[in-house]
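Architecture at a glance
As a plain string of letters, each chain reads:
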Number of protein chains: 2
Amino acid sequence: RGDQALAQINVYETSLALDSSVKLHASPQVLGSQGEDTEWVNLAISNPKPTSDDWIGVFSPAKFDSGNCWPTSGGKEKTPYICSSPIKYMYCNSHPDYMKSGNVTLKFQIINQRADVSFALFSNGVQEPHLLGVSNPVAFFNPKAPVYPRLALGKNWDEMTVTWTSGYNIDEAVPFIEWSAKGLPARRSPAGTLTFNRNSMCGNPARGVGWRDPGFFHTSFLKELWPNREYIYRLGHDLVNGSTIWSKNYTFVSSPYPGQDSKQRVIIFGDMGKGERDGSNEYNDYQPGSLNTTDQVIKDLKDIDIVFHIGDLTYSNGYLSQWDQFTAQVQPIASTVPYMIASGNHERDWPDTGSFYAGTDSGGECGVPAETMFYFPAENRAKFWYKTDYGMFRFCVADSEHDWREGTEQYKFIENCLATVDRKTQPWLIFIAHRVLGYSTNDWYGKEGTFEEPMGRESLQKLWQKYKVDLAFYGHVHNYERTCPIYESQCVNNDKDHYSGTFKGTIHVVVGGAGSHLSPFSSLVPKWSLVRDYDFGFVKLTASDHSSLLFEYKKSSTGQVYDSFNISRDYRDVLACTHDSCEPTTSAG
Amino acid sequence: RGDQALAQINVYETSLALDSSVKLHASPQVLGSQGEDTEWVNLAISNPKPTSDDWIGVFSPAKFDSGNCWPTSGGKEKTPYICSSPIKYMYCNSHPDYMKSGNVTLKFQIINQRADVSFALFSNGVQEPHLLGVSNPVAFFNPKAPVYPRLALGKNWDEMTVTWTSGYNIDEAVPFIEWSAKGLPARRSPAGTLTFNRNSMCGNPARGVGWRDPGFFHTSFLKELWPNREYIYRLGHDLVNGSTIWSKNYTFVSSPYPGQDSKQRVIIFGDMGKGERDGSNEYNDYQPGSLNTTDQVIKDLKDIDIVFHIGDLTYSNGYLSQWDQFTAQVQPIASTVPYMIASGNHERDWPDTGSFYAGTDSGGECGVPAETMFYFPAENRAKFWYKTDYGMFRFCVADSEHDWREGTEQYKFIENCLATVDRKTQPWLIFIAHRVLGYSTNDWYGKEGTFEEPMGRESLQKLWQKYKVDLAFYGHVHNYERTCPIYESQCVNNDKDHYSGTFKGTIHVVVGGAGSHLSPFSSLVPKWSLVRDYDFGFVKLTASDHSSLLFEYKKSSTGQVYDSFNISRDYRDVLACTHDSCEPTTSAG
């Protein structure tokens, strides 16, 4: 249950069992003829000897024979008949008639991932698959087309960045964004292009069966934006032959001026991962809640200004094909509002690569796809901490996969981020990290007797308290939990639904239930744990003015508010002296 | 041998010996009529009593009589007949027929230095010159013309700065750059104007005989450039009378996006100084290799993207006329690719001016001409340390003329520069300083028993190792030397031509042989000194992608590669833990 679906397939153990009586036909053969980047493909299967272990592996590029296998060192693997994992798979008996006739049509949702696609029928399950037959390839009209734009705030309040994926290298096309606002002339902004290769991966499966050519990532910086204004943009590539490839149009609304008094709505969740709308990979419901969360956010999008996905983004775990599919899943959101990410264990952790946790959760990716495919305004995108402003909010996003303790570079950054916000104009100060550095009654934290990541709050609570952090959000634990306003494990305010008056302590919220399989709570419930929900959900913050903030936790299944409270705050309430947070004063006159 | 040619001339000891039988005629009288900024002038000499001590001093401004001598304090100098040094000089017997007939024509290459020029014949050598006669003045059509543009990277990757010199003050003309790229509309960018005066100099000869009006330096900041794109630019001055003075057109290619995968070629050398293509000042071959190095770089320019001249730029040593001549010499390079400089002893050192070394190497300049005539992206251009990015490279340029030891402002900067580079997109981390803060077997370092500048590596090797600096480059020592990958004076890798696998230690390179008279090696050769070359040369780095870097050392005389190696590197190789460079890890899950 706890692993990447594609990791179940033992790619190196596949063997040939081609059977001419097996027929596989995929259609339509040309996808995206109207410029779509996603399309349904029908795979007509006729297999005279159907078994319950038969399954279809979707391969892209279509040609997956051993000819293009990367020379594995040491040759310990059997000469692999195939050496690349499929990009998705589905058991044939997911169709009711398969076992009866062996003649069915399976439907696959295929996205443009810069290469053609073929469908291979295997028998004998996923541990020692026998290849029976391969379909005709299908391909997108333009496999290199610019796709899946995702917005992110830049390093200034009046700067929006747009990052997208294409198959065009910089020697064959010049990438750019054409953008304009009603009443302003259209402009072109250049894009910087990054990519990565197999050598950028730190281990397997990312360097081995999980590797897939990632294409090119282009980022444009749209500057000098007017506050709160709607802009139209489209992705462009000027080809060397003089023609231009265009994407369709997208729109976004620029950020408010920091401190501006307007309605500002923020979505925060972690650990969403991805789902398959065609039901494939269903045998490993790794992120059962993912599609619900995505669809709830899409439904509420006109009332949402910015989204924070705080770590554990795709759960690709080294199977790189999943990243394109994730960017496709979140595209309706990310192309419209800034999609701000944080680094999680599944993005970064790998032994001996400088990650604070030496686990293998990233499947060998060691942060590279996450840090390259998404923009975020960090000074050094390999050290995943950054600050960003949105109207009356200041967000300090930490990186729980690198050391945060006192004396570290990250600790200095966190203090700087908290210390440099003007709370009369930006009253709402939010701290974010993937792992729970604050408080959680998740069962494994209970068993460690820490109810947090060890050394989490010990290092940071001084800062949260000194700078009066309103709310701290964490993922990593797949459930919902909210504490009282707390300092040094003591509730400093016993209200539950409404907080006002002098700031006393930070409210800590676990919101890692956006999709990945749920984590049980510890049976013991410390007094500071006010609300717990063993379900999929996400949080919405709404600041309507400088003195009131609404917090709502919504269930992903229904979108209903399951828990909420509000904070009303005067400027003096955050200036006033409180426990371990008093500015020096002099008795001089 | 070791001093500025013009310093040989004892200006204050000159005395009148005007001789009407001496005829001197310079032609053409109007230079630069087609907009040239450099032209050959023929000086017809007829001197009935030629002697081997006769020499021609070229003066600019042409009128150099005592009328415009600056009132010398204390009057200890004899009332000087002349009080400004010539801008160049040549012994008459450099022409074979001079001693026979006294009737020869000498050829001088004259550049536009904002003033007219006259040629004076002196006898009795340079210690107590006797002035025999002065030629007619010659002058450029427009002495104030904008000349010698030099590019430098700005503080953002998409910003190129252009700095040039002119005679136009800001009250008589508005300086700007007109620039455009194919397919983009032409734009004008304003220029900031700086200058300095005699009072800015810290001592003689810069305040005395070496002083010359420097004119005005204009810097434009060309922003929001598209990556790797060719731009055309020209220098402009809008005069108050409504007309505009234009320079000719120049072109440059903008920087790649940081981390971009394209071919990137970097030239690094130190101590080039300047030469005289007309053979003048030949009696003090101070930088014999200078013109060779300049010409080799010009010859290879289409395969070069950026040049670093790491200190000891002109060896003007207080004779300010040399700075214009240096900018003219490097202009074919600097107007086309960014010319990034560092501070050396000859730019900065002067007693009691805050320089770490209290020598008089700058001739009283105390850094002012270097810091004003060239742009470099330092926060404070009097503290000559800065960081800059070029594609897959991050350069941390230090200032060996100010304290770099632990606890200093510069040390904090160096750590920040090394710590904030993302090595998956910018794998190649280069440290640069003028003096050898690392390793050199130069003879005087050998005699000091340090094989470095004292206190150099003791303070900095911790940082080089912690942040895994690939290569460190130094000038100051006029030869070439390359070490093994080294840490704490121990070779940590015994390969010589190819380095791969986990980073173990930094390779240190002395590359101060770009022109100034060569420095001998110590007879003792420590085991870490792999290659030494007692000749003039420079280094070229070529990064073709993220995992391979080619290092070549070329001889200036022939352009041939004399020493080379390459580094092949995966991302995990720079992330992996190595001696004194392991990120903290937790045993928590």
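Residues numbered from 1 in each chain as written. Chains lettered and ligands numbered in written order. Predicted model: local features only at pLDDT ≥ 70, side-chain atom pairs only at ≥ 80, totals over all residues. Heavy atoms only, no water.

As enumerated under the stated definition, the model contains eight disulfides over all chains in all. Between C396 of chain A and C417 of chain A runs a disulfide, and the two sulfur atoms are separated by 2.0 Å. Disulfide C396 of chain A-C417 of chain A: the torsion about the S-S bond is -95°, which places it as left-handed. With C396 of chain A in strand β22 (residues 393–397) and C417 of chain A in helix α6 (residues 409–419), this pair connects stretches of sequence that are 21 residues apart. For the pair shown, C396 of chain A and C417 of chain A are each scored as buried. The partner cysteine of C577 of chain B in its disulfide is C582 of chain B, sulfur to sulfur 1.8 Å. Across the S-S bond of C577 of chain B and C582 of chain B the torsion is about 70°, and the bridge reads as right-handed. For C577 of chain B, a relative accessible area of 39% translates into the label partly exposed. (Disulfide = S-S within 2.5 Å. Helix = DSSP H or I, 4+ residues; strand = E, 2+ residues; numbered from the N terminus. Buried < 20%, exposed > 50% of the residue type's maximum accessible area, 1.4 Å probe, protein only.)

What follows covers the interface of chain B and chain A. Quoted interface sizes are often the accessible area lost when the parts come together. Across the boundary between the two partners, chain B contributes 33 residues, which contact 45 residues of chain A. Sorting the residues of chain B by area buried against chain A places W226, Y257 and K424 of chain B first, and these three jointly supply 21% of that buried surface. Taken together, the links from chain B to chain A amount to five salt bridges. Among the ionic pairs, K424 of chain B bridges to E371 of chain A, the shortest N-O distance being 2.5 Å. There are 13 residue pairs in polar contact (both at pLDDT 80 or more) connecting chain B and chain A. Residue assignment for the side of chain B that touches chain A shows that the elements contributing at least two residues are α6 (409–419) and α9 (571–575) of chain B. The biggest single contributor to the side of chain B that touches chain A is α9 of chain B, with three residues. The class makeup of the residues in the side of chain B that touches chain A is 14 nonpolar, 10 polar and nine charged. (Contact = heavy atoms within 4.5 Å. Buried area = accessible area lost by both parts, 1.4 Å probe. Salt bridge = Lys/Arg side-chain N within 4 Å of Asp/Glu carboxyl O. Polar contact = N/O pair within 3.5 Å; in protein donor to acceptor, adjacent residues only side chain to side chain. Nonpolar A, V, L, I, M, F, W, Y, C, P; charged D, E, K, R; others polar.)

On to the relation of the copies chain B and chain A, then. The transform that puts chain B on chain A rotates by 121° and translates by 0.2 Å along the axis, for an RMSD of 0.1 Å. Such values leave the two copies arranged in the relation of a three-fold axis. (Least-squares fit on C-alpha atoms with pLDDT ≥ 70 in both.)

Before going further, it helps to examine the confidence of the model for chain A. Of all residues in chain A, 97% have pLDDT values of 70 or greater, and the mean over the chain is 95. Confidence estimates for the predicted assembly give a pTM of 0.95 and an ipTM of 0.93. (pLDDT = per-residue confidence, 0-100.)

Another point: the pairing of strand β23 (residues 428–433) of chain A. All names here are of chain A. When you tally the buried positions in β23, you get six out of six residues, the bulk of the element. Of the two faces of β23, the one lined by W428, I430 and I432 and the one lined by L429, F431 and A433 are each fully buried. In this sheet, β23 lies alongside β22 in parallel orientation, the contact comprising five bridges. Following the sheet pairing, R394 is matched in β23 by L429. Handedness of the crossover is the feature at issue here: the chain leaves β22, passes through α6, returns alongside β23, and the resulting connection is right-handed. Sheet analysis places β23 next to strand β24 (residues 471–474), joined by four bridges and oriented parallel. Bridge pairing in β24 links F431 to A472. (Pairing = 2+ DSSP bridges. Right-handed = clockwise from strand over helix to strand, strands pointing away.)

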